[in-house]
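Secondary and tertiary structure notes
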Amino acid sequence: MTTFATRPAAPPTDTARTPAQRLLGWDHIELWVGNARATAGFLMSAFGFRSIAYAGPETGRRDSVSHVLEQGNIRLVITGGLSADSPITRHVARHGDGVHDLAWRVDGAATAYELATARGARTIREPWVERDDRGVLRLATVGTYGETQHTFVDRSDYPGRILAPGYSAADRLPEPVGPDVGLTHIDHVVGNVEKGQLAHWVEFYEQVMGFAQLTHFDADQISTQYSALMSTVVWDGNDIVMPINEPADGLRKSQIQEYIEAYAGPGVQHVALATDDIVTTVQALRERGVRFMTVPETYYADAQRRLADVDLPWAELERLNILVDRDERGYLLQIFTETVMDRPTVFFEIIQRHGATGFGEGNFKALFEAIERDQARRGNL
Ligand code: FE2
C-alpha cells in the first residue's frame, strides 16, 4: 500500500474561514464513463495504473460500478452506470466520457461544506457518512463549473487511504504486463469554461473556496495564427493547482470552444500527472501504446537556444517529443497525450518539474499548433 506523506498537513484550526484552510490535498479524481471496465483496463494497460478496489453488484451496490486505480499518489475512480435512467448514463449520453468529481481530502467534510455553501457554493450533496467495520468515512459535495463537482473526503476515522465502504480489494482487475511508468502525483487539473465565464469561476475559487490566483495569461500570450484562449491559475496555496481556460476570438474556432461544444458545456480538459523521470515515463507510455501530440523538429533547435545553459538529454527529448520550458525559478519537461476519449475533450499531461512553477507557457504556441493540426483533421478548425 502506498503511504501518503507528500507534505505534512497544515493543521487547520477551528478558526478556519474558508474551505481552502481545510484542504489536505487531492483525494481522487472520478471519471464517469460509458464502460468502466474497458476504461479502467485502458488506463491500466496504457498508463500503468493498478486496480486496487472495485464496487458494484458483487459488493452490494446496485446501480453502478466503480474501479479504483492507483499509481504513486494518484487515485482515479472509474465509474459507469448500470441502467438507462442512471444519472451516470445520462451524464455520459450528454457529455461523453469525462471527469465528474475532483475530490479533495479535508479535515472536516461538514465544516468544509458549510464554509463553502455559506460563501455561495452550490449544494450537490449535504454531508453524509459511510460506515463499515473498518470505520467511518465523512463526505460532502459541492458543484463547480458545468456538472463537475468537488467532494470533500474526511478520512480521519477511516483507516487506509484507498478503500471506502462498499469497495472490495478482492474484486480488483488483474494487472496487465508492461514497463513501469512511474507517475507520482497530480500536478494540476485544468478546466475549460464558456466565453465570458472565466472571471466568474476565478471569483468562485477565490471568494467561495478561499483559493488564490497564481498566474493569469491573456489571449495575446496564448494564441496562434488561428485560435486563442485566456487562462487563470488558482490554487489552495499547497498542492491543489487548477488552471481555468476560456476561449478567445481568433481567426478560427478556439480549441477551448471545440471542447465546450464536444463536451456540451464546461468541464475538465486535462489532468497533469507528475513524474521524477520523464524520459523513462514517456518511453514506458509509448511502449504501452499511448499516443502523444507531436511538435515539429524546428521546436528543438529553438528549445536548445532557450535552455542553452541547462544540461538536458536533447536527443532523448527529441526522440520522445518531450517539451521543455523555463521560468525564473527553474525548468520543466512536459508532454501531452492526444485526447483519450471518443470526443475531443479530455487528455493527460505528463510533467517533470526542476524548480519551475509555470505551466509551459513557452510551449503554448507549439502545443496549440499541434492541437490545431488534430482539430483540422476532425474538420473543426
Ligand atoms: Fe497543463
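Residues numbered from 1 in each chain as written. Predicted model: local features only at pLDDT ≥ 70, side-chain atom pairs only at ≥ 80, totals over all residues. Heavy atoms only, no water.

**A word on the overall build of the protein chain**
- What the protein chain contains, in helices and strands, is 9 helices and 16 strands.
- The globule rule puts the C-alpha radius of gyration for 381 residues at 21 Å, and the 20 Å found for the protein chain is close to it.
- Relative to its 381 residues, the protein chain shows a buried fraction of 57%.
- Of the contacts formed within the protein chain by residues at least 6 apart in sequence, a portion of 67% connects residues at least 24 apart.
- Roughly 16,000 Å² of accessible area belongs to the protein chain as shown, and the carbon and sulfur atoms make up 48% of that amount.
- Taking the average place of the 37 positive charges on the side chains of the protein chain and the average place of its 52 negative ones, the gap between the two points comes to 3 Å. (Helix = DSSP H or I, 4+ residues; strand = E, 2+ residues; numbered from the N terminus. Rg over C-alpha atoms; globule rule 2.2 N^0.38 Å. Buried < 20%, exposed > 50% of the residue type's maximum accessible area, 1.4 Å probe, protein only. Contact = heavy atoms within 4.5 Å. Areas by Shrake-Rupley, 256 points an atom, 1.4 Å probe, with all protein chains shown as cover. Lys, Arg positive; Asp, Glu negative; His and termini not counted. Charge placed at Lys NZ, Arg CZ, Asp CG, Glu CD.)

**Thoughts on the coordination of the iron ion**
- Every protein donor of the iron ion is listed here as His-188 (NE2), His-270 (NE2) and Glu-349 (OE), and their distances to the metal cover 2.0 to 2.2 Å.
- All donors of the iron ion come from a single chain, and their spacing in sequence reads H-x81-H-x78-E. On the criterion of sequence distance, the pair formed by His-188 in strand β9 (residues 183–192) and Glu-349 in strand β16 (residues 347–354) is long-range, its members being 161 residues apart.
- Given the relative accessible area of 1%, Glu-349 is considered buried. (Donors = N, O, S within 2.8 Å, 3.2 Å for Na, K, Ca; no water.)

**Some words on helix α7 (residues 298–306)**
- Within the sequence span of α7, burial applies to Tyr-299, Tyr-300 and Ala-303. Down the axis of α7, the sector holding all buried residues measures 90°, keeping them to one side. What points out from α7, more than 90 degrees from its buried face, is the exposed set Thr-298 and Arg-305.
- Looking at the buried side of α7, the elements it contacts are α8 (314–320), β14 (323–327) and α9 (364–377). (Arc of directions from axis to C-beta.)

**Some remarks on empty space enclosed by the protein**
- Going through the model one piece at a time under the given rule, you end up with 3 cavities of 30 Å³ or more.
- Roughly 210 Å³ of internal volume is contained in the largest cavity.
- Forming the walls of the largest cavity are 21 residues, and the residues nearest its centre are Val-190, Asn-245, His-270, Phe-364 and Phe-368.
- It is α9 that provides the largest number of residues to the lining of the largest cavity, a total of 4 residues.
- For the lining of the largest cavity, a count of residues per class yields 13 nonpolar, 7 polar and 1 charged. (1 Å grid on protein atoms, 1.4 Å probe; cavity = no way out; pocket = protein on both sides within 12 Å on 5 of 7 lines; lining within 4 Å. Points joined across faces, edges and corners; volume = space filled by probe spheres on them. Nonpolar A, V, L, I, M, F, W, Y, C, P; charged D, E, K, R; others polar.)

**What to know about unusual backbone geometry**
- Backbone geometry at Ala-264 places phi at a positive 55°, although glycine is not the residue there.
- Tracing the chain through its elements places Ala-264 in the loop between α5 (255–263) and β13 (267–275).
- One non-glycine residue with positive phi stands out, namely Asn-321, at about 65°.
- By the secondary structure assignment, Asn-321 is in the loop between α8 and β14.

**Observations concerning the sheet that holds strand β8 (residues 149–154)**
- Strand order in the open sheet formed by 8 strands is β2-β3-β4-β1-β5-β8-β7-β6, and the pairing between neighbours is mixed. Both edges of this open sheet fall to β2 (50–55) and β6 (122–132), since each of them pairs with a single strand only. Sheet twist, expressed as the mean angle between neighbouring strand axes with direction ignored, is 25°.
- Inspection of the sheet shows β6 paired to strand β7 (residues 135–143) by 8 bridges, in the antiparallel sense. By the bridge assignment for β7, Thr-123 is matched with Val-142.
- Along the sheet, helix α1 (residues 36–47) makes contact with β2, β3 (64–71) and β4 (74–81), crossing β3 at roughly 10°. (Pairing = 2+ DSSP bridges. Axes fitted to C-alpha atoms, helices over the stretch in contact; angles between N-to-C directions.)

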